[in-house]
Amino acid sequence: MQLFFNPNINNTLTSFVFDKEESKHIIKVLRKKESDILFVTNGLGYLFKTEIALASDSKCTVNILSFEKQDEPKFNLHLVVAPTKMNERYEWFLEKATEIGVQEITPIICEHSERKIIKTDRFQKIIESAMKQSLHYYLPKLNEPTLYKDFIKKNEITGQKFIAHCEETDKKSLKNELKTNTDCTILIGPEGDFSVKEIQLALDNKYIPVSLGNTRLRTETAAVVACHSVVYANE
């Protein structure tokens, strides 16, 4: 099934008109025609089965035949990950985490971060593309980049809170600490890891220090491993 994404389609409509850019893609590139079936999600858990009524490359119009809503996840996985020096590596993480089943992502700027200017427009497109490719109907929330210390001091974070770092200190195994059907926030540092001061700040705010295995992982690999561990534990 080929899945399309448009945040403006909803279950109160009987028909829907795609914007000019997407209409051109549907009609000119994909060569869709009238009476063809399109499956569309709005990223809020809904899947719409639609039929092309007007095959125009400027305003492709579909009739909504039916819709269904996927159950909401019983937990919220929030990955808080420092951007990598090479953008491609972070984009790889975004794609894979979306495919696996992350619900929320926040880029954080740390003391050892080599990349401190972050443009999220491209990140958002990668997440949307990965959602469609993996046939998810919930679009992960991408937050604006924030300073590490500002994020830590937020009080609205609920559920389990973990920090994965490389310091040789007493750490627990993430897989052994995870509780099912429970919100989970995991901090992943930059290539130079969190500073000692940053680790202590997390501990002071009741984050549990965890290990993701016996080997040292790149930032983007660690984030994907953490994502898979949480989703797998909840299956």
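Before reading further, recall that the structure is shown in the block above.
Here goes a summary of the coordinates provided.

Thresholds applied
- Residues numbered from 1 in each chain as written.
- Predicted model: local features only at pLDDT ≥ 70, side-chain atom pairs only at ≥ 80, totals over all residues.
- Heavy atoms only, no water.
- Axes fitted to C-alpha atoms, helices over the stretch in contact; angles between N-to-C directions.
- Helix = DSSP H or I, 4+ residues; strand = E, 2+ residues; numbered from the N terminus.
- Left-handed = near helix turned anticlockwise from the far one by under 90°.
- Contact = heavy atoms within 4.5 Å.
- Nonpolar A, V, L, I, M, F, W, Y, C, P; charged D, E, K, R; others polar.
- Polar contact = N/O pair within 3.5 Å; in protein donor to acceptor, adjacent residues only side chain to side chain.
- Core = buried A, V, L, I, M, F, W, Y, C linked by side-chain atoms within 4.5 Å.
- Buried < 20%, exposed > 50% of the residue type's maximum accessible area, 1.4 Å probe, protein only.
- Pairing = 2+ DSSP bridges.

### A look at the packing of helix α2 (residues 87–100) against helix α3 (residues 120–133)
Here is step 1: Running from amino to carboxyl end, α2 crosses α3 at an angle of 35 degrees, the nearest separation of the two axes being 8 Å. The handedness of the crossing between α2 and α3 comes out as right-handed. On α3, the residues touching Asn87, Tyr90, Glu91, Leu94, Glu95, Thr98 and Glu99 of α2 are Arg122, Phe123, Ile126, Ile127, Ala130, Met131 and Gln133.
Here is step 2: The residue makeup of the contact of α2 with α3, split by class, is seven nonpolar, three polar and four charged.

### Describing the side chain of His78
Here is step 1: Relative to the helices and strands, His78 resides in strand β6 (residues 77–81).
Here is step 2: In this structure the side chain of His78 is engaged in a polar contact, spanning 2.7 Å, whose partner is the side chain of Thr106.
Here is step 3: Apart from residues no more than four positions distant in its own chain, His78 is found in contact with Glu104, Ile105, Thr106, Asn143, Phe151, Cys184, Thr185 and Ile186.

### Let's talk about the nonpolar core
Most often, soluble globular proteins have nonpolar side chains that are buried together.
Here is step 1: Counting residues in each nonpolar core, the largest one holds 31 residues, and the members touching the most others are Leu77, Leu79, Phe93, Leu94, Ile105 and Ile186.
Here is step 2: If you list the elements that add at least two residues to this core, you get β6, α2, β7 (104–109), α3, β10 (160–164), β12 (184–188) and α7 (219–233).
Here is step 3: In terms of residue count, α7 provides more of this core than any other element does, seven residues in total.
Here is step 4: Those residues in contact with Ile186 that lie beyond four places of it in its chain are Leu77, His78, Leu79, Val80, Phe162, Leu174, Ala226 and Val230.

### Notes on the environment of Phe194
Here is step 1: Mapped onto the elements of the fold, Phe194 is located in the loop between β12 and α6 (196–204).
Here is step 2: Linking Phe194 and Cys166, residues 28 residues apart in sequence, is a C-alpha distance of 8.2 Å.
Here is step 3: The residues contacting Phe194, other than those within four sequence positions of it, are Ile108, Cys110, His112, Tyr148, Ile163, Ala164, His165, Leu187, Ile188, Gly189 and Ile199.

### Section: the sheet that holds strand β5 (residues 61–69)
Here is step 1: If you trace the five strands from one edge of the open sheet to the other, you get β1-β3-β4-β5-β2, paired in mixed fashion. Of all strands in the sheet, those bounded by a partner on one side alone are β1 (3–5) and β2 (15–17). Direction aside, the axes of adjacent strands within the sheet are offset by 40 degrees on average.
Here is step 2: One ladder, built from three bridges, connects β2 with β5; its direction is antiparallel. The partner of Ser15 across the bridge, within β5, is Asn63.
Here is step 3: Against the sheet, α3 makes contact with β1 and β3 (37–41), and its axis sits at roughly 150 degrees relative to β1, the strand it touches most.

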